[in-house]
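Structure at a glance
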Amino acid sequence: MRQIRRALRAVLGFGRGMLSYPAAWFGLFRPRDELAALVAELLIVGFYGSNTRSLSARLLARQIRRGEVGGVFFVTQNIGTMDEVRDLLRLFRAGPARPLIAIDQEGGVVQRLGRTRGFTPLPSAQKVADTMSPEKARALYSVAGKELAALGFNINLGPVLDFHHPDNPAIGGAQRSYGIDPERIAAYGEAFAGGFASAGVLCAAKHFPGHGCSVVDSHYGIADVSAGWTEAELKPFADLLASPHPPAMVMTGHLRLESLAPDGLPATVSAPIVTGLLRHKLGYRGVVVTDDIDMDAIGNLMSRREATIRALAAGNDLIMIKNLFGYDPILPQRVVRWVRKAIDRDVLTEAQVAAAAMRVRAVREQAWQGKS
């Protein structure tokens, strides 16, 4: 029933959004200054549909070519036949823009491209840790990385570094964790990141600061980890970031942790967690990407506008917006206006935006190195 409701929301939202489609397609109200170019780097956006007949996909590809959006990510709803996936990737890769193109290819229940589409089936993280050494896991992930790279993907939204708790429906119940030993989690996380990176696919370790002990799936509400979270859940992130094969990104989760953020805001939009904990305490200097801010965990708390600005102010670099529920064809233009107003109000500074864009550009260059 929940899936039916979400599908209806998507259809209705897309229909309403199409009213703005002509203005978006012809580039009306499109800002063209340096700030707009910086903001474009900070957006990784989803689309509606599963083939190149999708007006949403065509518009997003046009926005990428015009330098309004820096990246695109695929979810289950976007996966059609293999020919349709290939055609979409050609559409998004056409032109000189060189976007980030991301997908969730963890294994187990979170593998967007699986056996039915000719891809190597990846076991869940739990099964990998139970049946393989890190070296064998790395070889398996390298094969999977080559398959993704051959299609044109350059970002995999994994590995999961969360602890296993059987009562957690999103992580433990779905077997997405490598266990409860921080060193073991980090070892398999490095195998994942190193294997995919060897094939030219960069990774985003998730869900910082640790999703394991929640009993709520953040797709549907705030996942509160306050009662069970301990600093041990930081160790897999710290160890992996210090390893020979660190991931190119860290993804923040929609996780409430009152000991660090007593205002009750989720980690995604919390400066004490993103800047204080990840940047300062762990010393991370790379790209921080949000989990999708259109998830109900955020959407039930605040508007897309507020979430975007709070996430940037908290220290995130790359804002992930599915843009499916409440489809907005002129989203890139809106985000530029939101950022401009936030700078005017001293909520953000242009220097912050520029620094974030510089970090994302470095990852983009790495993702496209040696590729055409």
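Residues numbered from 1 in each chain as written. Predicted model: local features only at pLDDT ≥ 70, side-chain atom pairs only at ≥ 80, totals over all residues. Heavy atoms only, no water.

Of the regular secondary structure elements, the protein holds 14 helices and 12 strands. Compactness check: the protein gives a C-alpha radius of gyration of 19 Å against a globular reference of 21 Å for 372 residues, within 12% of the reference. Across the 372 residues of the protein, 58% fall into the buried class. Residue pairs at least 24 apart in sequence account for 77% of intrachain contacts in the protein once pairs closer than 6 positions are excluded. For the protein, the exposed area adds up to about 14700 Å²; of that, 54% sits on carbon and sulfur atoms. Across the protein, 44 positive and 35 negative side-chain charges occur, with their mean positions spaced 8 Å apart. (Helix = DSSP H or I, 4+ residues; strand = E, 2+ residues; numbered from the N terminus. Rg over C-alpha atoms; globule rule 2.2 N^0.38 Å. Buried < 20%, exposed > 50% of the residue type's maximum accessible area, 1.4 Å probe, protein only. Contact = heavy atoms within 4.5 Å. Areas by Shrake-Rupley, 256 points an atom, 1.4 Å probe, with all protein chains shown as cover. Lys, Arg positive; Asp, Glu negative; His and termini not counted. Charge placed at Lys NZ, Arg CZ, Asp CG, Glu CD.)

Looking now at unusual backbone geometry. Of note, the bond from Gly158 into Pro159 is cis; its omega dihedral lies within 30 degrees of zero at 10°. Note on placement: Pro159 falls in the loop between strand S6 (155–156) and helix H8 (182–198). With an omega of 0°, the peptide bond running from Lys206 to His207 counts as cis. As for its placement among the helices and strands, His207 is situated in strand S7 (residues 202–208). We note that Gln175 has phi near 60°; this positive angle belongs to a residue other than glycine. By the secondary structure assignment, Gln175 is in the loop between S6 and H8. Notably, Asn323 is not glycine yet its phi reads approximately 55°, a positive angle. Given a relative accessible area of 4%, Asn323 falls into the buried group.

In terms of nonpolar packing, the biggest core is built from 112 residues, with Phe74, Phe92, Leu113, Phe153, Met249 and Val339 touching the most fellow members. It is helix H13 (residues 331–344) that provides the largest number of residues to this core, a total of seven residues. The contact partners of Met249, leaving out residues within four places of it in the chain, are Leu100, Ile155, Cys203, Ala204, Ala205, Tyr284, Val287, Val289, Leu318 and Val363. Listed in part, the nine residues of the second largest apolar core include Phe14, Tyr21, Ala24 and Ile330. (Core = buried A, V, L, I, M, F, W, Y, C linked by side-chain atoms within 4.5 Å.)

Attention shifts here to a positive patch on the surface. There is a patch of like positive charges on the surface, built from Arg305, Arg337, Lys341 and Arg345. Position of Arg337 relative to the elements: it lies in helix H13. (Patch = residues over 30% accessible without salt bridge, like charges linked within 9 Å, V, L, I, M, F, W, Y side chains within 5 Å. Salt bridge = Lys/Arg side-chain N within 4 Å of Asp/Glu carboxyl O.)

Scanning all chains against the criterion turns up 19 salt bridges. Of the charged contacts in the structure, one is a salt bridge between Asp87 and Arg90, with a shortest N-O distance of 2.7 Å. You can see Asp87 and its partner Arg90 sitting in helix H5 (residues 82–93), three residues apart, about one turn around the helix. Close ionic contact of Asp317 with Arg359 constitutes a salt bridge, the shortest N to O distance being 2.8 Å. A residue pair is termed long-range when its members are at least 10 positions apart, and Asp317 in the loop between helix H12 (304–314) and strand S12 (319–321) and Arg359 in helix H14 (residues 350–367) qualify at 42 residues. Note on Asp317: relative accessible area 0%, which makes it buried.

Once that is clear, we can look at H14. Taking 1.5 Å per residue as the helical rise, H14 with its 18 residues ought to reach 26 Å, and the 25 Å between its terminal C-alpha atoms agrees with that figure. Those residues of H14 not exposed but buried are Val353, Ala356, Ala357, Val360, Val363, Arg364 and Ala367. For H14, the arc enclosing every buried residue in end-on projection is 120°, short of the 170-degree limit, so these residues lie on one face. Those residues of H14 that are exposed and angled more than 90 degrees off the buried face are Ala351, Met358 and Glu365. (Expected span 1.5 Å × (residues − 1). Arc of directions from axis to C-beta.)

Their axes nearest at 7 Å, the elements helix H7 (residues 134–151) and H8 cross at an angle of 35°. Judged by the twist between their axes, the crossing of H7 over H8 is right-handed. Listed contacts from H8 to Pro134, Ala137, Arg138, Tyr141, Ser142, Ala144, Gly145 and Leu148 of H7 are Ala187, Tyr188, Ala191, Phe192, Gly194, Gly195, Phe196 and Ser198. In terms of residue class, the contact of H7 with H8 is built from 10 nonpolar, five polar and one charged. (Axes fitted to C-alpha atoms, helices over the stretch in contact; angles between N-to-C directions. Left-handed = near helix turned anticlockwise from the far one by under 90°. Nonpolar A, V, L, I, M, F, W, Y, C, P; charged D, E, K, R; others polar.)

A cluster of nonpolar side chains, namely Phe26, Leu28 and Phe29, defines an oily patch on the protein surface of about 380 Å² accessible area. For Phe29, the location among the structural elements is in the loop between helix H2 (21–25) and helix H3 (34–41). When its relative accessible area of 63% is taken as the criterion, Phe29 is described as exposed.

Two elements in contact, H3 and H14, have axes whose closest approach is 8 Å; the angle formed by their N-to-C orientations is 50°. Here H3 is positioned oblique relative to H14, judged by the angle of their axes. Judged by the sense of rotation from one axis to the other, the crossing of H3 with H14 is left-handed. Judged by residue contacts, Glu34, Leu35, Ala37, Leu38, Val39 and Glu41 of H3 engage Glu350, Val353, Ala354, Ala357, Val360, Arg361 and Arg364 from H14. For the contact of H3 with H14, the residue count by class is eight nonpolar, no polar and five charged. (Parallel < 35°, antiparallel > 145°, perpendicular 65-115°, else oblique.)

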